[in-house]
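Structural overview
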Amino acid sequence: MKNYEGRWLAAWEKKHIFESDPINGKKKIFVTFPYPYMNGPVHIGTAFTSVRVDIYARFKRMQGYNVLFPWAWHWTGQSIVGLSHRLKLGDKNVRKALVEIDGVPESEVDKFVNPEYLASYYTNVSREVIKKTGYSVDWRREFTTVDPAYQRFVEWQYLTLREKGYIVQGTHPVVWCPNDKSPTGDHDRMEGEGISPEEFSLIKFQLGEFYLVAATLRPETIYGATNIWVNPEGEYVEARVNNEPWIVSMHALTKITEQKHETKVLRTFKGSELVGKFAIAPLTGKALPVLPAYFVDTELATGVVYSVPAHAPYDYMGLQDIKHGLIPVTDEVKGIVETIQPIPVISVKGYGEVPAAEIVKAYRIENSKDIRLSEATEKLYRDEFHHGVMKKNTGPLSELPVSEAKKKATELLRKTERYSTMLELPEKVICRCGTRCYVKILENQWFLNYSNKEWKERTRELIRKARILPPESVDWYYSTIDWLEDKPCVRRSGMGTRLPWDKEWIVETLSDSTIYMAFYTISKYVNQEQIHPDKLKPELLDYIFLGKGKPERIAKELKINQKLLRKMREEFLYWYPVDLRNSAKELIPNHLTFFAFHHAAIFDEKMWPRCFSVNGMVQLEGQRMSKTKGVFVTWRSALEKYGADALRLSLSLLADGMEDANWTSQKAEDSRSRVESLIPFVKGLRKTASEREQEEIDNWLVSIVGKRIEEVTEALDNMRIRKAASIVYMDIWNDLRWYVHRAGKPRRQTVRNVLEAWVKMMSPFTPFVAEELNRLLGGKGFICLSSWPDARNFKRDEKAELSEIIIGRVLEDARSVLKVVKGNKKKLKIYVSDKELRNVFMEMLEGKRSKDELSKKVLSLGIKPDSLFKLRYELGEEIVQRLVMQGGIDELTVLQKASRFIGKELGVNVEVKEYRKGLPELKGKDALPFKPALYFE
RNA sequence: GCGGGGGUCGCCCAGCCUGGUCAACGGCGCGAGGCUUAGGACCUCGUCCCUUAGGGGUUCGUGGGUUCAAAUCCCACCCCCCGCACCA
């Protein structure tokens, strides 16, 4: 970090310049960034997205707005608690990541077993980083989402939503971790990503006085069942399930209990006890033997399956195993197995009579332990499901396609009352804590009623009325609104606010972060202890945020100062609505759309957010950021390595729109050297500048800088940060280089005015060096509080701009000639076209004459008309426009004035003449308007 | 699979909506020269191929189409990224 960065930081802080209070009559801008989640240090991605907010804030401040940019910290949820917990259990990887990636000192790590400590550690580190990066944040309003005052706010929010009917109760199946006692989302899994509950058919086979309950995803194959499998080593139970006598695995019984069935265990025993017994199948009435198989997973569904060897590779191999003596069984059982033949019930294109046998052979599978069996199973299942037709031996199902037979079989089985269902995960799901998950039906959970049609419509209207940046992102909001269904808004565990009317539930992280920007308008009063969090009762918040109720009465009831109450209300009314919220694009389908929904629900249209803005993701050296893969750069490390300005500039130049940004250390280095060159460059420019008359090139610079100011202003207004930064740090720099090159001696006054504007435009991006440069130029105070440059003070000079374009084109032409021409050339003769031809050409550009008329005239001057028409295209719209607007330009004078410069550039003497018809000059007759003929000699 | 965004001259990227200024902005890298005791920094020029006069050829994911004219408009296809919910 540069010395001056620390110095300016201290100066800003000392003067409290970013602490914003309402100012009557002054227009305001309220910008926000989604508070970062404190389960780790802020990283380069957070920096990329948030720096855009600070740049916008600083830009608007300079435009004269009263700008509020607050900051807070997200602590709600399972993640922080989970991290602490894993550390406590001694997870080496967690510890390693904390020390090596997050950069936590060893002495601190042990204290992280306390989740509050962990979160506060990261909050302190992150706050420091954000301050040092120079964010113009009003820190008086800072809070965390577990602060008592914030919790009162969330309680109020949920009471309000409930009152409006947007909170509903529901019962839904979830993937459940019995250890964490909470649902396990995709990202919380060690194994089984993307797996969700599926409905298994349970078929009750009569076995003595019990039902042996087999689970299947393919009930239509019941006609092809030859036997039943159990795991001989598995633990099974006789139990009462909803008053019926069932035999299932012990694990199954737990799950069945979680799925809202009454259960009672009568006896437990080993699966082997069932082997050799017979059970009667529903629909077919066949007695099927129970056989042992180790591929039966007692933790999957009921731990009992029926066997269809014609269509299920596992079943086919299971029988083979026994026949080959791989599974020890009694002679009696073996005898039974010998008699079993596969019963084909589905015919499918591309397979013969017994598809399972075929596919097993094709895969060269030799026993039931072969891992390719699941692959074979999957393929056969897919083929049969999509192309299979039931055979004639399947009674009511015969000749139906498999997909329909499945429904029909379910229906028939249901009628026999020997059918039930359970929800189960088709594949193993292991929670991060290492526990195997199962499906639980969560009862009476609270949901946000996002499926509500009117609510959706109101939210669409909010989006329609808001500015959406970049514009191409808008469809994503609409499709999210359409797609959203009811969303659970509470969880059992983790940090957060308890639902005020049902304290067992905690409002989850995506649901407590939707309208909190409103809380920034009053958090200041809490932090300054003007009001105690206990006083933030719903009726008080109703008044502040919705204008409900009488302030006199509320103040009296809560025993608070009525003036304070009114002041808080006024503060809210002053700052709200949010003028800009910028986040990364992946937050559109959740956070940003929820933000829209909740505002639509709770606030009037006047308080709806005015602008949603997003940017792409950040990649590191071309790779997706990932802590586990070590592809991760903390904000702090980047800041320490490159300094605040360089970091900010490199982030600004990274990407625009929704495109992903690729952060590389190379780019950061480039930005650093760019920032570091600024001071010497400006110093040098001032040193060489001198008092002299104003010349055309000075007018050119002033004019071009005026244009740049307009471009930068427009880009910033549209959050085209990259475009704006590239104009300020690349284009203007190049303009100045050209100016110095062209003018030789820069003019002091011109340079001063231009530099002043330039440094101002740098201030939002690289605020520290801008302050430093401002001092260097003799400026007082803080440049970040000065006014944004006004393009109107930079007189446009179309003629000067056009002259430079013409000179540039001649130079370019001359260089390309020099490239191919051989021999040493000492002199360049430039012939501009004669006046008459120029006039005709102007008439052509202005569209004053018909093509025929023009052609005639041109011909009479001895020029092919086509060459002029071609020239018009070559010049292009912009130059044509400029020419027409100014009624042409005196080419001869322009080039004569520049002849010394052109000569110097090319290392030759230059002579500029007007070509006159009949002159015997070489090449001269090629002269066209605004494209003079050139001749080297 | 569904929804959203993209694929440009070594790399990063502008242009695409509103077709011709496009061999295509700018930055980086690389090459040459200047400045300097030297290096760095800085400044200038060059950087698809061919060409002894400003010309020609082939390029903007691939293949078609519209047009006097396409990186830009239309159609199809391929590839990459993001999201797809009880997770921030």
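Brief notes about the overall build of chain A
Summing up its helical and strand segments, chain A has 33 helices and 32 strands in all. Taking 30 Å as the expected radius of gyration for a compact globule of 937 residues, we find that chain A reaches 39 Å, considerably beyond that expectation. Dimensions of chain A along its principal axes, counting C-alpha atoms only, are 120 × 80 × 55 Å. Buried positions account for 56% of the 937 residues belonging to chain A. Taking the contacts inside chain A whose residues are at least 6 apart along the sequence as the reference set, 77% of them involve residues at least 24 apart. Per element, the accessible surface of chain A, about 41,400 Å² overall, is 49% carbon and sulfur. Treating the 145 positive side-chain charges of chain A as one cloud and the 128 negative ones as another, the clouds have centres 5 Å apart.

Quick word on the packing of helix α15 (residues 474-483) against helix α20 (residues 588-602)
In contact at an axis separation of 10 Å, α15 and α20 are set at 80 degrees when each is read in the N-to-C sense. Here α15 is positioned roughly perpendicular relative to α20, judged by the angle of their axes. In this structure, α15 contributes Trp476, Tyr477, Thr480 and Ile481 to the contact, and α20 contributes Ile588, Pro589, Leu592, Thr593 and Phe597. Class assignment for the residues of the contact of α15 with α20 results in 7 nonpolar, 2 polar and no charged.

A short note on the nonpolar core
The biggest cluster of nonpolar side chains holds 117 residues, and the ones touching the most others in it are Trp663 and Trp758. Phe519, Leu541, Leu565 and Trp608 belong to the second largest nonpolar core, which has 77 residues in total.

Here's the deal with the side chain of asparagine 615
Within the secondary structure, asparagine 615 is located in strand β26 (residues 611-615). Only 3.2 Å separates the side chain of asparagine 615 from the side chain of arginine 52, close enough to count as a polar contact. If we ignore the near neighbours within four places in the chain, the residues touching asparagine 615 are Phe48, Thr49, Arg52, Asn582, Ser583, Ala584, Lys585 and Gly657.

Quick word on the environment of lysine 745
Along the chain, lysine 745 turns up in the loop between α25 (721-743) and α26 (748-762). Residues in contact with lysine 745, not counting those within four places in the same chain, are Thr688, Ser690 and Arg692.

Digging into the pairing of β26
Within β26, 5 of the 5 residues are buried, leaving the element largely enclosed by the surrounding structure. Because side chains alternate across β26, one face comprises the buried residues Cys611, Ser613 and Asn615, and the other comprises Phe612 and Val614, equally buried. Bridge count between strand β20 (residues 467-469) and β26: 3 bridges; the pairing is parallel. Within the sheet, the bridge partner assigned to arginine 467 lies in β26 and is cysteine 611. Direction of pairing for strand β25 (residues 580-584) relative to β26: parallel, over a ladder of 4 bridges. Residue pairing for β26: asparagine 582 is matched across the bridge by serine 613. Remark: the β25/α20/β26 crossover connection has right-handed handedness.

Comments concerning unusual backbone geometry
The amide bond that connects leucine 469 to the next residue, proline 470, takes the cis arrangement and shows omega of -15 degrees. Relative to the helices and strands, proline 470 is located in the loop between β20 and α15. Residues tyrosine 576 and proline 577 are joined by a peptide bond in cis, for which omega reads 5 degrees. Along the polypeptide, proline 577 turns up in the loop between α19 (562-575) and β25. Its identity is not glycine, yet leucine 283 carries a phi of approximately 65 degrees, on the positive side.

Some details on the state of the cysteines
As enumerated under the stated definition, the model contains 0 disulfides in all. For cysteine 437, which is in no disulfide, the shortest distance to another cysteine sulfur is to cysteine 177 and amounts to 4.9 Å. Residue cysteine 437 is classed as buried on the basis of its relative accessible area of 5%.

Topic: the packing of aromatic side chains
How two aromatic rings sit relative to each other is set out by the distance from centre to centre and by the angle between their planes. If you walk through the whole model with that rule in mind, you get 54 aromatic pairs. On the numbers, 6.5 Å between centres and 90 degrees between planes, the contact of tyrosine 35 with phenylalanine 143 is edge-to-face. Residue tyrosine 35 is located in the loop between β1 (28-32) and α2 (44-62), and its partner phenylalanine 143 is located in the loop between α6 (115-132) and α7 (148-163); the two are separated by 108 residues in the primary sequence. Judged by relative accessible area, which is 3%, phenylalanine 143 ranks as buried. Taking 5.2 Å as the distance between ring centres and 45 degrees as the angle between the ring planes, the aromatic pair formed by phenylalanine 295 and tyrosine 314 counts as tilted. Here phenylalanine 295, found in the loop between β13 (287-292) and β14 (304-307), pairs with tyrosine 314, found in helix α9 (residues 313-323); they are 19 residues apart in sequence, far enough to count as distant. Given a relative accessible area of 24%, phenylalanine 295 falls into the partly exposed group. Since its relative accessible area comes to 25%, tyrosine 314 is described here as partly exposed. If you follow lysine 27 out to its NZ or CZ, it ends over the ring of tyrosine 65, 4.4 Å from the centre. The ring centre of tryptophan 139 lies 5.5 Å from the NZ or CZ of lysine 131, which sits over that ring.

Structural notes on the protein's contact with RNA strand B
Around RNA strand B sit 60 residues, and of these Tyr37, His187, Arg491, Thr509 and Arg737 come closest. Between glycine 185 and RNA strand B, the recorded distance is 2.4 Å, taken from a backbone N or O atom to a phosphate oxygen. Arginine 674 places a polar side-chain atom, nitrogen or oxygen, 2.9 Å from a sugar or linking oxygen of RNA strand B. Listing elements by their share of the surface near RNA strand B, those giving two or more residues are β3 (167-177), α15, α20, α23 (665-688), α25, α28 (798-820), α31 (865-886) and β32 (933-936). The dominant element in the surface near RNA strand B, judged by the number of residues it contributes, is α28, at 6 residues. In terms of residue class, the surface near RNA strand B is built from 21 nonpolar, 16 polar and 23 charged.

Quick word on the sheet that holds strand β21 (residues 487-488)
Pairing is antiparallel in the open sheet, where 4 strands are placed in the order β4-β3-β19-β21. Looking at strand neighbours, the two that pair on one side only are β4 (182-183) and β21, the edges of this open sheet. By the bridge criterion, 9 bridges tie β3 to strand β19 (residues 438-448) in an arrangement that is antiparallel. The residue of β19 that forms the bridge with isoleucine 167 is leucine 448.

What to know about helix α10 (residues 331-339)
If you check which residues of α10 are buried, you get Val333, Ile336 and Val337. Within α10, the buried residues cover an arc of 100 degrees as seen down the axis, which keeps them to one side. The exposed residues of α10 that point more than 90 degrees off its buried face are Asp331, Glu332 and Thr339. Contacts made by the buried residues of α10 are with β12 (278-280), β13 and α9.

Considerations on the environment of arginine 674
Mapped onto the elements, arginine 674 comes out in helix α23. The sequence separation of arginine 674 and serine 650 amounts to 24 residues, and the corresponding C-alpha distance is 9.8 Å. Contact partners of arginine 674, with chain neighbours within four places excluded, come to Leu649, Tyr729, Met730 and Trp733.

Focus on the pairing of strand β9 (residues 235-241)
As a general feature of sheets, a regular strand has side chains that alternate between the two faces. Taken across its 7 residues, β9 has 5 buried, putting it largely inside the fold. Direction of pairing for β9 relative to strand β11 (residues 263-270): antiparallel, over a ladder of 7 bridges. Each bridged residue has a counterpart across the sheet, and for valine 241 the counterpart in β11 is threonine 263. As judged from the 6 bridges shared by β9 and strand β10 (residues 244-249), these two strands associate in the antiparallel manner. Among the inter-strand pairings, glutamate 238 is bridged to a residue of β10, identified as isoleucine 247. The antiparallel pairing of β9 with β10 creates a hairpin that spans 2 residues between the two strands, and asparagine 242 there sits at a positive phi of about 50 degrees.

Focus on the side chain of threonine 123
Turning to its location among the elements, threonine 123 is positioned in helix α6. The buried category is assigned to threonine 123, whose relative accessible area is 3%. If near-sequence neighbours (up to four positions away) are discounted, threonine 123 is found in contact with Met38, Trp73, Trp75 and Glu142.

Focus on the sheet that holds strand β2 (residues 66-68)
Strand pairs in the sheet, formed through backbone hydrogen bonds, run parallel or antiparallel to each other. The strand order across the open sheet formed by 5 strands is β2-β1-β25-β26-β20, and the pairing between neighbours is parallel. One side of each edge strand has no neighbouring strand; the edge strands of this open sheet are β2 and β20. Adjacent strand axes in the sheet meet at a mean angle of 15 degrees when their direction is disregarded.

What counts and how
Residues numbered from 1 in each chain as written. Chains lettered and ligands numbered in written order. Predicted model: local features only at pLDDT ≥ 70, side-chain atom pairs only at ≥ 80, totals over all residues. Heavy atoms only, no water. Helix = DSSP H or I, 4+ residues; strand = E, 2+ residues; numbered from the N terminus. Rg over C-alpha atoms; globule rule 2.2 N^0.38 Å. Buried < 20%, exposed > 50% of the residue type's maximum accessible area, 1.4 Å probe, protein only. Contact = heavy atoms within 4.5 Å. Areas by Shrake-Rupley, 256 points an atom, 1.4 Å probe, with all protein chains shown as cover. Lys, Arg positive; Asp, Glu negative; His and termini not counted. Charge placed at Lys NZ, Arg CZ, Asp CG, Glu CD. Axes fitted to C-alpha atoms, helices over the stretch in contact; angles between N-to-C directions. Parallel < 35°, antiparallel > 145°, perpendicular 65-115°, else oblique. Nonpolar A, V, L, I, M, F, W, Y, C, P; charged D, E, K, R; others polar. Core = buried A, V, L, I, M, F, W, Y, C linked by side-chain atoms within 4.5 Å. Polar contact = N/O pair within 3.5 Å; in protein donor to acceptor, adjacent residues only side chain to side chain. Pairing = 2+ DSSP bridges. Right-handed = clockwise from strand over helix to strand, strands pointing away. Disulfide = S-S within 2.5 Å. Phe/Tyr/Trp six-rings, centres within 6.5 Å; stacked < 30°, edge-to-face > 60°. Lys NZ or Arg CZ within 6 Å of the ring centre and 35° of its normal. Near = heavy atom within 4 Å. Arc of directions from axis to C-beta.

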